[in-house]
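These are the residues of each chain, in order.
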Amino acid sequence: MRSVTYSMGVSLDGYIVGPEEVFRFVTDEIREVGVHLLGRRLYETMLYWETADQDPSLDDSMLEWAAIWNSLPKVVFSSTLPAVQGHARLASGGLAEEIEQLRAEPAKGEIAIGGAALAAEAAALGLIDEYRARVYPVLVGGGIPFFPQRERRVDLELAQTRTFSSGVVYLRYRVAR
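Residues numbered from 1 in each chain as written. Predicted model: local features only at pLDDT ≥ 70, side-chain atom pairs only at ≥ 80, totals over all residues. Heavy atoms only, no water.

### A few points about the nonpolar core
- Judged by nonpolar contacts, the single largest core of 25 residues is most densely connected at Y6, L37, L95, I99, I113 and I128.
- Here the element with the most residues in this core is helix 5 (residues 116-124); it accounts for five residues.
- In this structure L37 touches V75, F77, L95, I99, L102, I111, A112, I113, G114 and L118, once residues within four positions along its chain are discounted.
- With 19 residues, the next largest nonpolar core counts W65, I68, A88 and A112 among its residues. (Core = buried A, V, L, I, M, F, W, Y, C linked by side-chain atoms within 4.5 Å. Buried < 20%, exposed > 50% of the residue type's maximum accessible area, 1.4 Å probe, protein only. Helix = DSSP H or I, 4+ residues; strand = E, 2+ residues; numbered from the N terminus. Contact = heavy atoms within 4.5 Å.)

Below you can see the structure in the form of structure tokens.
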């Protein structure tokens, strides 16, 4: 069965941060994704990559990421968008129904969730199998929380760690079931 993952950069005090300093690692991680679920705000932010190959300031690693991202199937959750572009479709059902359908498909690759609000909804429904955080050595003091407020405890099992020369620490946890 395909697993559902939530992967973002996060400050030490728990807020989503960027830009991505560990770009090669993120590119390798996205190669393992079979479909990406996005909320409207993240989808609109990521539209840049649809035409990024026309930006002369991008280096080869960013162009490689853009090519992988553009070919990746995406499901956008929005009640306001009438249509989406590129290799994306609007969700036809609720989050739980979409994930259930995607898990049942014989396709390969993980089901990645992007966007804090969408991830919070998936977490509240108990649908996330892995949390992947790239922890940046900075305190930002506020912003969008990486981990949603939860009313129940979720036990996690450490699956992988990696420390980069920049001080960024990658933590991969599986939900203990």
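From this point, the discussion proceeds with the structure in view.
### Let's talk about the packing of aromatic side chains
- Counting across every chain of the model gives eight aromatic pairs.
- Seen in terms of ring centroids, Y6 and F146 are 4.8 Å apart; in terms of plane orientation they differ by 15°. Their pairing is stacked. On the criterion of sequence distance, the pair formed by Y6 in strand 1 (residues 4-11) and F146 in the loop between strand 6 (130-136) and strand 7 (156-163) is long-range, its members being 140 residues apart.
- Note on F146: relative accessible area 1%, which makes it buried.
- Here F25 and Y170 contribute two aromatic rings whose centre-to-centre distance is 4.5 Å and whose plane-to-plane angle is 65°, an arrangement assigned as edge-to-face. Taken together, the residues span a long stretch of sequence, with F25 in helix 1 (residues 23-30) and Y170 in strand 8 (residues 169-175) at a distance of 145 residues.
- Overall, Y170 belongs to the buried group, its relative accessible area being 2%. (Phe/Tyr/Trp six-rings, centres within 6.5 Å; stacked < 30°, edge-to-face > 60°.)

### Re the packing of helix 1 against helix 3 (residues 60-71)
- Close contact between helix 1 and helix 3 brings their axes to 10 Å; oriented N to C, the two are set at 20°. By the angle between their axes, helix 1 is roughly parallel relative to helix 3. Both helix 1 and helix 3 take part in a crossing whose hand is left-handed. Contact with helix 1, carried on its side by F23, R24, V26, T27 and I30, involves S61, M62, E64, W65, I68 and W69 of helix 3 and no other residues of that element.
- Of the residues belonging to the contact of helix 1 with helix 3, the class tally is seven nonpolar, two polar and two charged. (Axes fitted to C-alpha atoms, helices over the stretch in contact; angles between N-to-C directions. Parallel < 35°, antiparallel > 145°, perpendicular 65-115°, else oblique. Left-handed = near helix turned anticlockwise from the far one by under 90°. Nonpolar A, V, L, I, M, F, W, Y, C, P; charged D, E, K, R; others polar.)

### Examining the sheet that holds strand 2 (residues 33-39)
- Taken together, the eight strands give an open sheet; going across it, the order is 4-3-2-5-1-6-8-7, and neighbouring strands pair in mixed fashion. Of all the strands in the sheet, just strand 4 (88-90) and strand 7 have a single pairing partner and so form its edges. Each strand of the sheet is rotated relative to its neighbour by a mean of 25°, with strand direction disregarded.
- Together, strand 1, strand 2, strand 6, strand 7 and strand 8 form the strand contacts of helix 1, whose direction differs from that of strand 6 by roughly 170°. (Pairing = 2+ DSSP bridges.)

That is the geometry; function is a separate question.
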